[in-house]
Amino acid sequence: MPAVSKGDGMRGLAVFISDIRNCKSKEAEIKRINKELANIRSKFKGDKALDGYSKKKYVCKLLFIFLLGHDIDFGHMEAVNLLSSNRYTEKQIGYLFISVLVNSNSELIRLINNAIKNDLASRNPTFMGLALHCIANVGSREMAEAFAGEIPKILVAGDTMDSVKQSAALCLLRLYRTSPDLVPMGDWTSRVVHLLNDQHLGVVTAATSLITTLAQKNPEEFKTSVSLAVSRLSRIVTSASTDLQDYTYYFVPAPWLSVKLLRLLQCYPPPEDPAVRGRLTECLETILNKAQEPPKSKKVQHSNAKNAVLFEAISLIIHHDSEPNLLVRACNQLGQFLQHRETNLRYLALESMCTLASSEFSHEAVKTHIETVINALKTERDVSVRQRAVDLLYAMCDRSNAQQIVAEMLNYLETADYSIREEIVLKVAILAEKYAVDYTWYVDTILNLIRIAGDYVSEEVWYRVIQIVINRDDVQGYAAKTVFEALQAPACHENLVKVGGYILGEFGNLIAGDPRSSPLIQFNLLHSKFHLCSVPTRALLLSTYIKFVNLFPEIKTTIQDVLRSDSQLKNADVELQQRAVEYLRLSTIASTDILATVLEEMPPFPERESSILAKLKKKKGPGTVTDLEEIKKERSSDMNGSAEPALNATVTTPSPSEDDLLGLGPAPVTNSPPPPSSSGSLLVDVFSDPTSAVAPLAPGSDDNFASPDLASSEVVSEEPADTVHDADELFHKFVCKNNGVLFENQLLQIGLKSEFRQNLGRMFIFYGNKTSTQFLNFTPTVICSDDLQSSLNLQTKPVDPTVDGGAQVQQVVNIECVSDFMEAPILNIQFRYGGTFQNLSVKLPITLNKFFQPTEMSSQDFFQRWKQLSNPKQEVQNIFKAKHPMDAEITKAKIIGFGSALLEEVDPNPANFVGAGIIHTKTTQIGCLLRLEPNLQAQMYRLTLRTSKEAVSQRLCELLSEQF
Amino acid sequence: MIHFILLFSRQGKLRLQKWYTTLPDKEKKKIIREIIQIILSRNQKTSSFVDWKDLKLVYKRYASLYFCCAIEDQDNELLTLEVVHRYVELLDRYFGNVCELDIIFNFEKAYFILDEFIIGGEVQETSKKTAVKAIEDSDMLQETVEEYMNKPAF
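So, a few notes on the structure that sits alongside this text. Computed from a predicted model, the values in this text were never measured in an experiment. (Residues numbered from 1 in each chain as written. Chains lettered and ligands numbered in written order. Predicted model: local features only at pLDDT ≥ 70, side-chain atom pairs only at ≥ 80, totals over all residues. Heavy atoms only, no water.)

## Section: the overall build of chain A
From N to C terminus, chain A includes 42 helices and 17 strands. Burial status across chain A gives 57% buried among its 964 residues. For chain A, the share of sequence-separated contacts (at least 6 apart) that also reach a separation of at least 24 residues comes to 70%. Looking at chain A as shown, the accessible area adds up to about 39,400 Å², and 51% of this sits on carbon and sulfur atoms. (Helix = DSSP H or I, 4+ residues; strand = E, 2+ residues; numbered from the N terminus. Buried < 20%, exposed > 50% of the residue type's maximum accessible area, 1.4 Å probe, protein only. Contact = heavy atoms within 4.5 Å. Areas by Shrake-Rupley, 256 points an atom, 1.4 Å probe, with all protein chains shown as cover.)

See the structure below:
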């Protein structure tokens, strides 16, 4: 048994630990533990009062057993008793037990809080320290409620000991992080800022942590900290290595404090005051200069501490992004690290350089390191480092080096770790599109992607290549030839079959002149893959076949034979069977003219931002926003035939990635029409009365508003007042749903039914006259404020000015979301009823979240994106009381109704809800992540929104907070 | 801020866990298992940093013991390595040439020393002298070996 070196060792504890270590098996260990638990139980229950030492020892044993991973359900009371002991060591063990085994028993919490209160008031610095540590360790809401008001007083009181101040500052920080609403801002905040001037560097260090977090949320209030931080930093940076005595760490003066001050400065833009700014620039230059000096020690601690400060300084330089000279120097410094023998430094240099690459001042300087980075991709042994190299290559890519970078990434993809393949695929796909001068190169690149890493090529990628081929007629022939050749491979990826099927179905005629790719050969080639494919791909191929019937009448009978076979017509899959039946029928009864119309080549896709970009944008975070604007400009000038989607068309412009606008509610994947979905919709036109094609939209069929009381309502005696109905409650009901009653009084009922896709939407407003008297001069008007007009485009059609008693009229509003917006439009209705003039206004629930597209992602992706949106401005958080019963299923339904995807098994805490989606506006797409953390006990929620745009985070948070 | 600190042996035995965020016990156990597995499977020559969920793991091995901190994305990785080193120095100073057994048999001391150094996931006192003094002050009740041996062994 090892000797216990110091302090008041507990012999019984040491013996017990020794016994446990000597246990030969898990069973023996459990037996020994059970014996001990029984012993302790009997001691605690025994008649003889235990002395402080024994109590301490047994509590400590329980703690040990708990830390071994066993459950402990008693001993809390004994631990609480120890808190009021006057012996420091007993008190200390009591506090340790409480901190580790927090118990929510309210009686116990009252006792604990009481003991803490006594110790805080004891004026004994060691006792105060213990109490503060305990509050910080537990950090619960109950603790915050009890002490958040008290601790600021201790922190700024003139007579508080330095060590207590340090504990108080960090304790307060912990409470602020868990329950910001409970920490009152007040006079103390300005005094806390002045702790930056404190004599004691330990106090300054602790205070800087607190101030940084407070300043992130309340930048105005803590603005004065900037100049104080700069002068403090300047004093440290210029001090000799011995000046700061014990705060010098391996010859580096106060590295912790320096890093914290540099972090604090990253909460603010560059200082406005030229003197402060000059001083800060000097500091940063000094830090960069020191990096070039020979090391004062060979120890890794010296270089780590020195470089920690250097990297933090570089972060600040990048954050300010305003001093070209500093940025270039930072880049050169990182360039040196790229070849450093320390893996850690190479890793950090690659990571830092990524952010440098997006600054206009240093982009060119970063590019000069391309060979080193490519080499890192090939030779680094650590996947974490290679991942950073991929990120950096992507960030430094532009027109001048795109071919090289794409080639290297493709090369690397062949051997890349599975964990990062999908991301590389996305990056390659984006770069290839963004910098394609020659679209044959683009097509080749994407086909290579599918060949090398087909499983990692997501739908977005292959949808995109089809959109581009369809929109660019100069590449169609080449694409058809290339996919035809690629399909010759004996084993090709299913994604290639999809792309091949789609492209040949559209453009197979362009290569049919060559006898080696005659229509029949094309068909046989595709059909040879058919049986190996999944249902959605087969569905797509069936559509290709019917397109072939139009393109190549000479093989019509071959195709009809295939469609007619039992395996198609009697296929167990409903979708496949239906397609086979309908396509066969279509090919039999339709004239060639009708066939040509129905199966015509796809019209160009409306120009919209690539969904791949949207996917990666979320991975990449805000740094690339400008970058993405630029791509969009480039692309819109590159692409021909960009047709705006026509809102009032009964069949929307088809897109391989979307169901058509008519489909209410998302269709399951297997049911969704394959890429040539227009033919699917048009089929209905061919076989039936054209009007029934739009039947789902016909309001008459809607039963939502045909409530019996509407028909039987009696004449209203009272005159409704001429008021603006804010109807907030009803308005909020529509945030998570699209249909229902928006407004109702004795005269009028207003119902809504709406549908949204991407940045477009359509709303049907139904006005029901509940009386038996006519409404005259009935004029509904949708009003947008000036602000709103620029972001939301609404078109309404006038309605009949007369509404008969008991009748219902309908008005259509076509909606286009141009950019993100805050307010809601107002619906104003004026009419005459029985000689009186009626005027009322309600908010129309067209809210930003309606333009959500849900995005599914894995836990890893989610947190990676979450992390990338960590800029304080991107996050908005709200903590609020539950207004409705906290039912998990209802909450899930609401999050889905809100429009984002509900991601299951993503959050480590299963009680939390996380969601992800993309807000589509005409000008941009905004990736949104959300996290809702319920606290059943407190009946509270914490909602966090992270998006690349502050206003969007803000608005979504407001809207969603009202729902629970 | 540091979200949690784990100390574990090369055999994967957990020796110390300190959490600066509130999580249910079940979740903690899951995280511990996962992280020990991730770190132990990494090669010698790799970097000391691993991306993990929305956090970053920073770890270093001292003799038979791994020290691992989970920090946020914007936290300074290199300085976190030195947080670990400073903690090892404090343990060393207290126990005198600290080894894994010291931490096993005096786990409560290891927690006390950590509390003097870090509160709520932030460094409280970076001066070794001041931190050590605070710890030694708390050992006011020194006892002799004889006193120790006279204590009951159960």
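## A few points about the pairing of strand β5 (residues 65-71) of chain B
Side-chain direction in a regular strand flips from residue to residue, so the side chains alternate between the two faces of the sheet. Residues and elements named next belong to chain B. Where burial is concerned, most of β5 is hidden: seven out of the seven residues are buried. The alternating pattern of β5 places Leu65, Phe67, Cys69 and Ile71 on one face and Tyr66, Cys68 and Ala70 on the opposite face, and all of these are buried. In this sheet, β5 lies alongside strand β1 (residues 2-9) in antiparallel orientation, the contact comprising seven bridges. Within β5, the position partnered with Phe4 by the bridge is Ala70. Here strand β4 (residues 55-62) pairs with β5 via seven bridges, running antiparallel. For Tyr59, the partnering residue across the bridge sits in β5 and is Cys68. (Pairing = 2+ DSSP bridges.)

## Some remarks on the interface of chain A and chain B
Listed by partner, the interface residues are 88 residues for chain A and 71 residues for chain B. Buried area between chain A and chain B, both sides added, is near 7,300 Å², and the carbon and sulfur share of it is 54%. Along the contact surface separating chain A from chain B lie six salt bridges. A salt bridge links B:Glu122 to A:Lys260, with the nearest nitrogen and oxygen atoms 3.6 Å apart. Here chain A and chain B share 31 residue pairs in polar contact (both at pLDDT 80 or more) between them. (Buried area = accessible area lost by both parts, 1.4 Å probe. Salt bridge = Lys/Arg side-chain N within 4 Å of Asp/Glu carboxyl O. Polar contact = N/O pair within 3.5 Å; in protein donor to acceptor, adjacent residues only side chain to side chain.)

## Here's the deal with the environment of A:Arg579
Residues and elements named next belong to chain A. Checked against the element boundaries, Arg579 lands in helix α32 (residues 574-589). Under the relative-accessibility criterion, Arg579 is labelled buried at 6%. Sequence separation between Arg579 and Leu540 is 39 residues; the distance between their C-alpha atoms is 9.7 Å.

## Observations regarding the sheet that holds strand β8 (residues 792-796) of chain A
Residues and elements named next belong to chain A. Spatially, the five strands line up as an open sheet ordered β4-β5-β6-β9-β8, and their pairing is antiparallel. Edge positions in the sheet fall to β4 (740-744) and β8, since each has one partner strand and no second. Across this sheet, the average inter-strand angle for adjacent strands is 25°, counted without regard to direction. Here nine bridges tie strand β6 (residues 760-769) to strand β9 (residues 808-817), and the two strands are oriented antiparallel to one another. The partner of Arg762 across the bridge, within β9, is Asn814. (Axes fitted to C-alpha atoms, helices over the stretch in contact; angles between N-to-C directions.)

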